[in-house]
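Below, each chain spelled out in residue letters.
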Amino acid sequence: MGSRRMEAIPGFGIDRVARAAGEDPEVLRLENLDTDVPPHPDALAATREAVGTDEANSWLPFRGKHGLRQAVAEQLEDRSGVEYDPMTQIVITCGEGDAMVDALFATTDPGEEVILTDPTYAGMINRVRIVGAVPRMVPLVADSGEWRLDLEALEAAAGPRTRALFVANPGMPTGHVFSAEEWDAAASLCRDRDIWLIHLAWMERILFDGREFRHPASLAGLADRVITVGSVSMEQRMIGWRIGWVAAPEAIADDVTRAHIYNGLTAGGVAQAGAVAALTAGAADLEAAVTEWEARRDEMLRQLEGLPVVPPAGGWSMLMDVESLGLKAPDLSGALIDQKVAATPMTAWGEKVAPRHVRFVYSKEPVERLARLGDRVRAALDSLR
């Protein structure tokens, strides 16, 4: 008999779509959060140079190499205005996944509740479950033509067992970016209810249309309540390096360190060297990548014009409301495969809102290939009517 803990934890669904797509080069690969925009050359060079060195081939230090912790602290101070001690407040992890689990272990006990948005990243929802906590979902609504958080539902979701508000900004899979009003409501909730704000910051500067960046640690009275989970996976395009981090007040960072020692233990030293180079490469590298992803988003919106797609304000993906067309998301996903489009149904990415949708990831395919999307999507829809 298996663990009851795992009974309520489904798979992503991405792998099933990827298997169905196979290796056909004509398929538009919009199912997985990958990108073909390469990392900075300095990151590649530093990774290669670290191979075979004693320093990179060590278990120590368990919190991560000092140079990487310093680079993370400097990025956080630049983005939030809050000074972080790299020795006591930064923990390097084996990717953003480990970092999320470590942060949740350090802030919740079994049976306590964590508030998330619906839709949100399934990896956030199910890591809450893995540590024994209970997800409480607050809907995102798109009545105004962009994703907005239901603030009344947010307030109502907080109860005596709530320990954290767990959000990604930009949101994934929606591309929702918190407005000033939404950040103020989140900050008030955390202050008034004495709860943590766990901020998944892996795409925080991937913003479109000139939108203003705001780090939650910069909000009044929130610096000591924010736990930032970051990585080089998205902004620096270093998915395969598996380097992440948690930044938190010192007492929580100590708990995160112990959680990580018995969870991931040590992030690879070779990959840490590459991450340092990426984080110190300068702003122009990320700006160029964001410009490319925004162009791809714009082409996606052109291709899907007239269909129930909500424009993302940032990030790598967007959603189409399939149920508003009288169809089911898994059925459309299957029909899209027949038209050489791989896209994932959001069945397990929320409670009521997410399952209505299919996700399209635009970070992997260039604009020239995305120009084929509209005809293929409409052909798939026609096949189901």
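Residues numbered from 1 in each chain as written. Predicted model: local features only at pLDDT ≥ 70, side-chain atom pairs only at ≥ 80, totals over all residues. Heavy atoms only, no water.

K.L.:
Describe in detail the overall build of the chain, supporting the description with residues and values.
P.N.:
Of the regular secondary structure elements, the chain holds 13 helices and 13 strands. What you see for the chain is a C-alpha radius of gyration of 20 Å, in line with the 21 Å of a compact globule of 385 residues. Evaluated residue by residue, the chain yields a buried proportion of 56% over its 385 residues. Considering only residue pairs separated by 6 or more positions, the chain has 75% of its internal contacts joining residues 24 or more positions apart. When the accessible surface of the chain is totalled, it reaches about 15700 Å², and 49% of it is carbon and sulfur. Taking the average location of the 39 positive side-chain charges in the chain and that of its 58 negative ones, the two points are 5 Å from each other. (Helix = DSSP H or I, 4+ residues; strand = E, 2+ residues; numbered from the N terminus. Rg over C-alpha atoms; globule rule 2.2 N^0.38 Å. Buried < 20%, exposed > 50% of the residue type's maximum accessible area, 1.4 Å probe, protein only. Contact = heavy atoms within 4.5 Å. Areas by Shrake-Rupley, 256 points an atom, 1.4 Å probe, with all protein chains shown as cover. Lys, Arg positive; Asp, Glu negative; His and termini not counted. Charge placed at Lys NZ, Arg CZ, Asp CG, Glu CD.)

K.L.:
An account of the packing of aromatic side chains is needed here, citing residue identities and associated values.
P.N.:
By the definition in use, this model includes five aromatic pairs. An aromatic cluster of at least three residues, connected via ring pairs, comprises Tyr121, Trp202 and Trp349. In this structure, Arg205 packs its charged tip against the face of Phe213, placed 4.6 Å from the ring centre. (Phe/Tyr/Trp six-rings, centres within 6.5 Å; stacked < 30°, edge-to-face > 60°. Lys NZ or Arg CZ within 6 Å of the ring centre and 35° of its normal.)

K.L.:
An account of the side chain of Arg359 is needed here, citing residue identities and associated values.
P.N.:
Looking at the secondary structure, you find Arg359 in strand S13 (residues 357-361). Among buried Asp, Glu, Lys and Arg side chains, Arg359 stands out as unpaired, with Glu31 the closest opposite charge at 7.6 Å. Here Glu31 takes part through its backbone oxygen, which lies 2.7 Å from a polar atom of the side chain of Arg359. (Salt bridge = Lys/Arg side-chain N within 4 Å of Asp/Glu carboxyl O. Polar contact = N/O pair within 3.5 Å; in protein donor to acceptor, adjacent residues only side chain to side chain.)

K.L.:
Any chance you could break down a negative patch on the surface for me, citing the residues and the numbers?
P.N.:
A surface patch of like charges, here negative, comprises Glu74, Glu77, Asp78, Glu83, Asp85 and Glu250. Here the element with the most residues in the negative patch is helix H3 (residues 66-80); it accounts for three residues. (Patch = residues over 30% accessible without salt bridge, like charges linked within 9 Å, V, L, I, M, F, W, Y side chains within 5 Å.)

K.L.:
Before we move on, could you go through the nonpolar core and cite the residues and values that matter?
P.N.:
Membership of the largest hydrophobic core comes to 117 residues, with the highest contact counts inside it found for Phe166 and Phe360. Those residues in contact with Phe360 that lie beyond four places of it in its chain are Leu30, Met300, Leu304, Trp316, Ser317, Met318, Met320, Leu336, Val341, Ala343 and Val377. (Core = buried A, V, L, I, M, F, W, Y, C linked by side-chain atoms within 4.5 Å.)

K.L.:
Tell me about the sheet that holds strand S12 (residues 344-345), residues and numbers included.
P.N.:
The three strands lie next to each other as S10-S13-S12, forming an open sheet whose pairing is antiparallel. Edge positions in the sheet fall to strand S10 (317-321) and S12, since each of these pairs with one other strand and no more. (Pairing = 2+ DSSP bridges.)

K.L.:
Outline the pairing of strand S4 (residues 134-141), supporting the account with residue identities and numerical values.
P.N.:
When strand S3 (residues 113-118) meets S4, the two strands line up parallel, connected through six bridges. Counterpart to Ile115 in the pairing with S4 is Arg136. Remark: the S3/helix H5 (residues 122-130)/S4 crossover connection has right-handed handedness. Pairing between S4 and strand S5 (residues 148-149): two bridges, direction antiparallel. Residue pairing for S5: Val141 is matched across the bridge by Arg148. Hairpin remark: S4 followed by S5, antiparallel, with six residues in the connecting loop; positive phi at Gly145, about 90°. (Right-handed = clockwise from strand over helix to strand, strands pointing away.)

K.L.:
Describe the packing of helix H4 (residues 96-107) against H5, and please don't skip the residues or the numbers.
P.N.:
Interaxial distance between H4 and H5 falls to 10 Å at its minimum, and their mutual angle equals 40°. Here H4 lies oblique to H5, going by the angle between them. Judged by the sense of rotation from one axis to the other, the crossing of H4 with H5 is right-handed. Across the interface between the two elements, Gly97, Met100, Val101 and Leu104 from H4 touch Gly123, Met124, Arg127 and Val128 from H5. (Axes fitted to C-alpha atoms, helices over the stretch in contact; angles between N-to-C directions. Parallel < 35°, antiparallel > 145°, perpendicular 65-115°, else oblique. Left-handed = near helix turned anticlockwise from the far one by under 90°.)

K.L.:
Provide a residue-level description of unusual backbone geometry, including the pertinent values.
P.N.:
A negative phi angle is the norm for most residues apart from glycine, just as the trans form is the norm for most peptide bonds. Of note, the bond from Asp118 into Pro119 is cis; its omega dihedral lies within 30 degrees of zero at 10°. Residue placement: Pro119 occurs in the loop between S3 and H5. Across the junction of Asn169 and Pro170, the peptide omega takes the value 0°, indicating a cis bond. With a phi angle near 60°, Arg237 is a residue other than glycine that sits in the positive phi range.

K.L.:
Lay out the sheet that holds strand S2 (residues 90-93) with the relevant residues and their values.
P.N.:
Sheet strands pair via backbone hydrogen bonds, and the direction of the pair is either parallel or antiparallel. Taken in spatial order, the eight strands make up an open sheet running S2-S9-S8-S7-S6-S3-S4-S5, and their pairing is mixed. Only two strands of the sheet have a single partner each, and these edge strands are S2 and S5. Sheet topology note: the S2/strand S9 (residues 244-247) ladder contains four bridges and is antiparallel. Bridged to Ile90 within S9 is Ala247. Relative to strand S8 (residues 226-231), H4 is tilted by about 165°, and along the sheet it contacts S2, S3, strand S6 (162-168), strand S7 (196-200), S8 and S9. Across the sheet, H5 touches S3, S4, S6 and S7, and the angle it forms with S4 is around 160°.

K.L.:
Lay out a nonpolar patch on the surface with the relevant residues and their values.
P.N.:
Together, Trp59, Leu60 and Phe62 give the surface a local cluster of nonpolar side chains, amounting to about 350 Å² of exposed area. When you line up the elements, Trp59 lands in the loop between helix H2 (41-50) and H3. Accessibility expressed as a relative area gives 58% for Trp59, which makes it exposed.

K.L.:
Quick one: what's the story with the packing of H3 against helix H9 (residues 269-279), residue by residue and with numbers?
P.N.:
Where H3 contacts H9, the axes come no closer than 9 Å and their chain directions differ by 30°. Looking at the two axes, H3 sits roughly parallel to H9. By crossing handedness, the relation of H3 to H9 is classed as left-handed. Taking contact as the criterion, the partners of Gly67, Leu68, Ala71, Val72 and Gln75 in H3 are, on H9, Gln272, Ala275, Val276 and Leu279. Taken together, the residues of the contact of H3 with H9 break down into six nonpolar, three polar and no charged. (Nonpolar A, V, L, I, M, F, W, Y, C, P; charged D, E, K, R; others polar.)

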